[in-house]
Amino acid sequence: MAIKAVFMVHATLQASTPAFACTSIAVGKDASATGYPIITHSDDSGSHTSDVRLIRIPRKKWPAGSKRPLYDWAPGYPRVVSSELSPEYAAVEGQSETVPIGHIPQVEETWAYWDAVYGIQNERGLSIGESTCTAKTAGWAVSPDKPWGYNRAMIHDLSKIAMERCETARCAVETMGPIAVEQGFYCEDSGEPTAPAYQSSAECLTIADGVTGEIWLFNVMTGRGNASAIWAAQRIPSDHVVPVANSFTIRKMKLNDPENFLYSPGVTKLAEEMGWWSSRDEIAADVFDFFGAYGYTPSKEAIPPNMVSKLAYYSGRRMWRVWGLLTPEAARNIDPDKGWLPYTPDPYPTSLQARKGSVTVQMVMDAHRDHYEGTGYDLTVGMSAGPGGSPNRWATPSAAVGQWERAISMYRTTFSHVVEAKPHGLGVMWFGYDAPHGTAYLPFYGAATAGAPEAWHSHEGCQSKFSTKVAWWAFNLVNQYSDLNFRLINADVQNKAHKIEAEGAEAVAKWEKEVSTMDADAAVAELTKRSNAFAEAKLSEWWEFAGHLFAKYGRYVITYNESEIGGEDALGQAYPMWWLSSPEVGFLTWARKGSHYGLLEKPAGMFLVAGVGMLLTLLVAVGVAYEVGVRKGKQSASIMDVYIAQP
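Residues numbered from 1 in each chain as written. Predicted model: local features only at pLDDT ≥ 70, side-chain atom pairs only at ≥ 80, totals over all residues. Heavy atoms only, no water.

S.K.: Sorry, what's going on with the packing of helix α1 (residues 155-165) against helix α2 (residues 169-183) here?
M.R.: Running from N to C, α1 and α2 cross one another at 135°; their axes reach a closest spacing of 9 Å. The angle between α1 and α2 falls in the class oblique. Of the two possible hands of crossing, α1 and α2 adopt the one that is right-handed. Facing α1, whose interface residues are Leu 158, Ser 159, Ile 161, Ala 162 and Arg 165, α2 presents Cys 171, Ala 172, Thr 175, Met 176, Ile 179 and Ala 180. Among the residues forming the contact of α1 with α2, the class breakdown is eight nonpolar, two polar and one charged. (Axes fitted to C-alpha atoms, helices over the stretch in contact; angles between N-to-C directions. Helix = DSSP H or I, 4+ residues; strand = E, 2+ residues; numbered from the N terminus. Parallel < 35°, antiparallel > 145°, perpendicular 65-115°, else oblique. Left-handed = near helix turned anticlockwise from the far one by under 90°. Contact = heavy atoms within 4.5 Å. Nonpolar A, V, L, I, M, F, W, Y, C, P; charged D, E, K, R; others polar.)

Shown next as structure tokens:
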């Protein structure tokens, strides 16, 4: 084995934006209107294609001495090829089985569960949501061509192994943590050793179960020397709401309270050695600030120069908004402009209390659809939203220094789910494709005896190949079209989604009542049959709905029917006056020589010169910052902002 040398370096060049990452919400059983915990996840990918399939992993018994493979999961299709995991992951059309990067001992029997990028819900009701987080360490996978890679366990496998082996959230924590330490944890968004992505090198999970009704948070990062792992877990009060928005949320741990806090051996040691934390700063010897010690704050030399602001509000604003939507009374004194960083003074709490039974499943679904509507941060208003009020803000040039608000609902979401952690085989996963603001959440049972309908795991199409046989495309098509006039079209879309979700909730209650006299196996089989039939019917309905939207809003009018009078509203999509009044639009400033002639000719030239000057200044600044960073890193090991190890 190569000898590893540890270097403290000053991170100078950082990615221009935070990672394409996810939002998770946890609602305690006493806050939930159903009396059961609710766990959510939005898979907000975007820097690459994503595998859109919803896979059913069957229950299975294993021979003595079996090994459970660990994979370096791919982001795009196929995320893995493994007939051992599931027939739905088996090779097709010339695909080859994915070669594992490690193995752990297998257990005698594993539970069935729903799987996508991460494990979602198993037959016993265990439910998980995910959000990529910041940390001061980074790690990479074991690989023959990457001598700096020492690790074998991604959050993908950790969440799936918990699904396979556990009934309770505590079991999930106690299973995943030791595997991460033993096998080494790494995150797929960690960048490269020459440019580690500390803004996305760790993971957070929200975990709930229907047996105990508990909710646990699980935070995990790579350990010393880019290897092993450091983790912490916290039990959340049963009447609280927790938002997780790409940052650790475990703060003041009580290390002598195993009922509410669990953690890896020597959890404080690296933080103490690196000077990131000292027990002298705490009010008691047994208190440890996990996020304060291990959360990432960019250096002053970070690129872009507003990286601190980006990270603070990328996370903090969503936390504030989730609380405001789901527990407004408790959130009344939460400052939306505080942000969320390791050293933020008087930081937000990990969770907030909600009134008993006040949070419905529909409220949580709608929270995932939010763009700060009606607040000072509303993404559906202003010039950047355009005349149609679109909240979607896609990529900007790397030289542009600025930031958008980070909404909860994102145009780049591949799928999201709102999961009810119920016991007795009645756990329900409400699953929706594409951006939450343009999806309909459909119910699937955690204890299902069969996979989802073919369109949810078809090989006929993927994100780079359109197919009407793939369910994801129906929802993506509607969302893409809605951007033509978001304010009008998305209103119809959300009305349709709410109607389907209400039908789904009514159907679930009816089905469960009708199977209540059956034996358990027969009841679950019948629920599976009915939920799959409902999903297929609603997918067909959504395809028809897409056609209806095309006809109604096509040609930039609103068409109702073929009547000569009243069949079409020619002004239904007319430009709003506030937008037409802008000089930059050119409508009110029209002239023979051009809409902008005279009025903007001089400023345009000035803007061009200023733009070139800013670009040159930025390039020089980047170059100087890089040279200074390298020079400082070589001169002094005491100047440090992050921690990496190199072979």
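Here the narrative resumes, following the displayed structure.
S.K.: Is there a simple way to think about the nonpolar core in this case?
M.R.: As a rule of thumb, soluble globular proteins bury nonpolar side chains together. In terms of nonpolar packing, the biggest core is built from 150 residues, with Phe 290, Tyr 294 and Trp 456 touching the most fellow members. The dominant element in this core, judged by the number of residues it contributes, is helix α9 (residues 520-553), at 10 residues. If you look at the next biggest cluster of nonpolar residues, it comprises nine residues, including Tyr 296, Ala 302, Met 307 and Ala 312. (Core = buried A, V, L, I, M, F, W, Y, C linked by side-chain atoms within 4.5 Å. Buried < 20%, exposed > 50% of the residue type's maximum accessible area, 1.4 Å probe, protein only.)

S.K.: Can you help me understand the state of the cysteines in this one?
M.R.: Each disulfide is one covalent bond, formed between the sulfur atoms of two cysteines. Tallying each qualifying case throughout the model produces two disulfides. A sulfur-sulfur separation of 2.2 Å characterises the disulfide bridge that pairs Cys 133 with Cys 204. Across the S-S bond linking Cys 133 and Cys 204, the dihedral sits near -135°, which makes this disulfide left-handed. Here Cys 204 lies in strand β14 (residues 202-208) and Cys 133 lies in strand β11 (residues 127-133), a separation of 71 residues in the sequence. Residue Cys 133 shares its accessibility class with Cys 204, and that shared class is buried. Cys 166 shares a disulfide with Cys 171; S-S distance 2.2 Å. Judged by the sign of its S-S torsion, about -65°, the cystine formed by Cys 166 and Cys 171 is left-handed. (Disulfide = S-S within 2.5 Å.)

S.K.: Just to check I follow, could you spell out the pairing of β11 for this structure?
M.R.: In regular strands, side chains alternate between the two faces of the sheet. The element β11 is largely enclosed, with a buried count of seven among its seven residues. Of the two faces of β11, the one holding Ser 127, Gly 129, Ser 131 and Cys 133 and the one holding Ile 128, Glu 130 and Thr 132 are both buried throughout. Looking at chain direction, β11 and β14 are connected through seven bridges and run antiparallel. The partner of Ser 127 across the bridge, within β14, is Ala 208. (Pairing = 2+ DSSP bridges.)

S.K.: How should I be thinking about empty space enclosed by the protein in this particular structure?
M.R.: Where empty space is left in the structure can be found by rolling a water-sized probe over the atoms. Using the criterion set out here, one finds three cavities of 30 Å³ or more in the structure. As a volume, the largest cavity reaches approximately 100 Å³. Lining the largest cavity are 13 residues; nearest its centre among them are Trp 62, Glu 84, Leu 85, Thr 110 and Glu 164. Residue composition of the lining of the largest cavity, by class: seven nonpolar, two polar and four charged. (1 Å grid on protein atoms, 1.4 Å probe; cavity = no way out; pocket = protein on both sides within 12 Å on 5 of 7 lines; lining within 4 Å. Points joined across faces, edges and corners; volume = space filled by probe spheres on them.)

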